[in-house]
Amino acid sequence: MKRIKIANALNALAPVEDILIKGWVRTKRDAKGFSFLELNDGSGLKNIQAIVDHTPETLALLESIGTGASVAVEGSLSASPGQGQKWEVKARSLTLIGAADQVTYPLQKKRHSDEFLRTIAHLRSRTNKYGAMFRIRSELALAIHDFFQERGFFHIHSPILTGADCEGAGEMFRVTTQDRAKPGTAMDDFFGKDAFLTVSGQLSAEMLALGLGDVYTFGPTFRAENSNTPRHVAEFWMVEPEMAFADLTDDMDLGEALIKSVTSRILDRRADDVELFAKFVDTTLMVGLETIIKEPFARIPYREAIRILQEASRSFEFPTEFGCDLQTEHERYLAEEHFKKPVIVFDYPKEVKAFYMRLNDDNETVAAMDVLVPRIGEIIGGSQREERLEVLERRIQELSLSQEAYWWYLDTRRFGTVPHAGFGLGFERVLMMLTGVTNIRDVIPFPRAPKSLDF
RNA sequence: UCCCCGGUAGCUCAAUCGGCAGAGCGGUUGGCUGUUAACCAAUAGGUUCGGUGUUCGAGUCACCGCCGGGGAGCCA
């Protein structure tokens, strides 16, 4: 008989005479003459309850079946006389697939701390919370692809290995095939030059956008920064759309639409999983998500943000003068206290932003924009790109960067340049936003961070 | 990397002034029961993160290190 997934079995409209389910035992309760087995196969949050009548054979089997064991149950899907579930499986046969020793199996039938579960990341997807998390994670990835496909964006694969530290986004991991114990130069290495893991797919995305029109990348990104915070990991996933013939307003419109779209999609498709987080992780989650969907995001120029901060009734540790980058405390004040909803800050001083961002007519600011979300902070960072060859060359010079290294980048401004814009969206930070989980290490199955490379 | 807090049973935590190392949950055993993180009873379970030191005596005090959490920086 073909196995049916538990999520589908629980959705049945009528009783089913013959059904086969397989899953892991979440809990076993013994009654007089029979036992209850609650099974979960990961297909959904809800367990299915199986009723196993005691016979000499099943009693022997049930001895070695406890929390964590994997089993197969064949029987009939029947209306449950008990409270709490519509359907249950009346077992005709029970098979033990893999036992779990009750003394050493680390997952108990009770709540565990996130810190402990992180030490058993290989097993935590068997808990309600992490099962829900990784189902939401999967749905979010699909939601992002659908959002862009519906708008005619092409999904491109930007390289993960990159040749030089010219991506301008922080410390990089070096990739080498050389033996640490033997001396050798970069010339002798695999690529004949230094190689690194990418910190951004943006430059590639720009090149492709200036040929395909609208594109996006969605891939792993690596930062070798020694960041020890609940918001940073060394390996994370980033979504980077890039649009030709677009300006900063188009960019902000796209970012806002994307966040709104994926939020409603998750609430629609993974409602029960999100509900778990709303119930046990952050009781204000639903209100916040409704606000994100319904309310237009606030949009203010950087100068206005500075003015708001200066007029704030509270004081800040860091200065709030024109030219200062916005600190975490400033971003949180704007999103959480002042606007109480997502806010897009744009037109930043050129000094605090990257060389490729388009210089505004005031010669002081660039067409950059950050989307700040309550509780999370920066979730999107983007800009209109500098499309004017002379201005771009001057900016590269001002920042003492190498013209030669960017020859191909500059070529696109040399031949048929067009205004274009894009941004980077932190995939894990969206998951934190959607679930209320406050540590980024708990939204990715196997987090990589300084001094942490297990599993 | 900097600042603050923590590390005690499988898990979550307690232990007064430096004086016999405990509880709840989980496990095991037995009982009860169409049960819902079932219930009742009994029971086992310890290198108090590691090292060095102070002391008659250290879970407790000092120093060094490791690990975890929170805040900051860097950033998505």
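Here, the structure is the one placed above.
Think of each chain on its own: its residues are numbered from 1, step by step along the sequence as written. Whichever chain is written first becomes A and whichever ligand is written first becomes 1, with later ones labelled in order. A pLDDT threshold of at least 70 governs which residues receive local features in this predicted model, and a stricter bar of 80 or more applies before side-chain atom pairs are shown or counted, although totals over entire chains, interfaces and linings include all residues. Each side-chain value is worked out from all heavy atoms of the structure, with water and hydrogens disregarded.

**What to know about the overall build of chain A**
And then number 1: From N to C terminus, chain A includes 13 helices and 16 strands.
And then number 2: Along the longest, intermediate and shortest principal axes, the C-alpha atoms of chain A span 85 × 60 × 45 Å.
And then number 3: Burial status follows relative accessibility: with a 1.4 Å probe on protein chains alone, a residue under 20% of its type maximum counts as buried, one over 50% as exposed, and anything between as partly exposed. Taking all 455 residues of chain A together, 51% fall into the buried category.
And then number 4: Here, two residues are considered to be in contact whenever any of their heavy atoms come within 4.5 Å of each other. When contacts within chain A are restricted to residue pairs at least 6 apart in sequence, long-range pairs at least 24 apart make up 66% of them.
And then number 5: Element-wise, carbon and sulfur atoms account for 53% of the exposed surface of chain A, whose accessible area totals about 22,100 Å². Runs of H or I in DSSP of at least four residues are treated as helices and runs of E of at least two as strands, each being numbered from the N terminus. Accessible surface area values rest on a Shrake-Rupley calculation with a 1.4 Å probe, where residue burial reflects the displayed protein chains alone.

**Things to note about the pattern of salt bridges**
And then number 1: Take a side-chain nitrogen of Lys or Arg and a carboxyl oxygen of Asp or Glu: if they are within 4 Å of each other, that pair is a salt bridge. Counted under the stated rule, the structure contains 37 salt bridges.
And then number 2: In this structure, Arg 265 engages Glu 139 in a salt bridge whose closest nitrogen and oxygen atoms are separated by 2.7 Å. Of this pair, Arg 265 sits in helix H6 (residues 248–269) while Glu 139 sits in helix H4 (residues 128–150), placing them 126 residues apart in sequence. The same class applies to Arg 265 and to Glu 139, which are both buried.
And then number 3: Between Arg 303 and Glu 364 there is a salt bridge, with its nearest N and O atoms 2.8 Å apart. One end of the pair, Arg 303, is in helix H9 (residues 302–310); the other, Glu 364, is in the loop between strand E13 (343–349) and strand E14 (365–373), with 61 residues separating them in the sequence.
And then number 4: Residues participating in the shared-partner salt-bridge network are Glu 139, Asp 146, Arg 265 and Arg 269.

**A look at the side chain of Glu 206**
And then number 1: Checked against the element boundaries, Glu 206 lands in helix H5 (residues 202–212).
And then number 2: Given a relative accessible area of 0%, Glu 206 falls into the buried group.
And then number 3: What qualifies as a polar contact is a pair of N or O atoms within 3.5 Å, subject to a donor-acceptor requirement within protein and to the restriction that residues adjacent in sequence count only when both atoms come from side chains. A distance of 2.7 Å separates the side chain of Glu 206 from the side chain of Arg 413, its partner in a polar contact.
And then number 4: Other than its neighbours up to four places away in sequence, Glu 206 contacts Glu 242, Arg 385, Tyr 409, Arg 413 and His 420.

**Looking at helix H7 (residues 271–280)**
And then number 1: Residues Asp 273, Val 274, Leu 276, Phe 277 and Ala 278 constitute the buried set of H7.
And then number 2: Of the surrounding secondary structure, the elements contacted by the buried residues of H7 are H4, H6, helix H8 (285–294) and helix H13 (427–435).

**Comments concerning the packing of aromatic side chains**
And then number 1: For this analysis, a ring pair means two rings from Phe, Tyr or Trp (six-membered ring only for Trp) whose centres lie within 6.5 Å, classed as stacked if their planes differ by under 30 degrees, edge-to-face if by over 60, and tilted for the remaining angles. Overall, the coordinates contain 17 aromatic pairs when judged by the stated rule.
And then number 2: An angle of 85° between the planes, with centres 5.2 Å apart, marks the rings of Phe 147 and Phe 148 as edge-to-face.
And then number 3: Owing to a relative accessible area of 1%, Phe 147 belongs among the buried residues under this scheme.
And then number 4: Assessed through its relative accessible area of 0%, Phe 148 is described here as buried.
And then number 5: Ring geometry for Phe 148 against Tyr 216: centres 4.4 Å apart, planes inclined by 20°, an arrangement best described as stacked. Taken together, the residues Phe 148 in helix H4 and Tyr 216 in strand E10 (residues 214–222) connect sequence positions 68 residues apart.
And then number 6: Members of the aromatic cluster, each reached through a chain of ring pairs, are Phe 355, Tyr 356, Tyr 406, Trp 408 and Tyr 409.
And then number 7: Here, a charge over a ring means that NZ of Lys or CZ of Arg falls within 6 Å of the ring centre while also lying within 35 degrees of the ring normal. For the cation-ring pair, Lys 353 lies above Tyr 348, with the distance from its terminal atom to the ring centre recorded as 4.3 Å.
And then number 8: Over the ring of Tyr 409 we find Arg 413, and its NZ or CZ is 4.1 Å from the ring centre.

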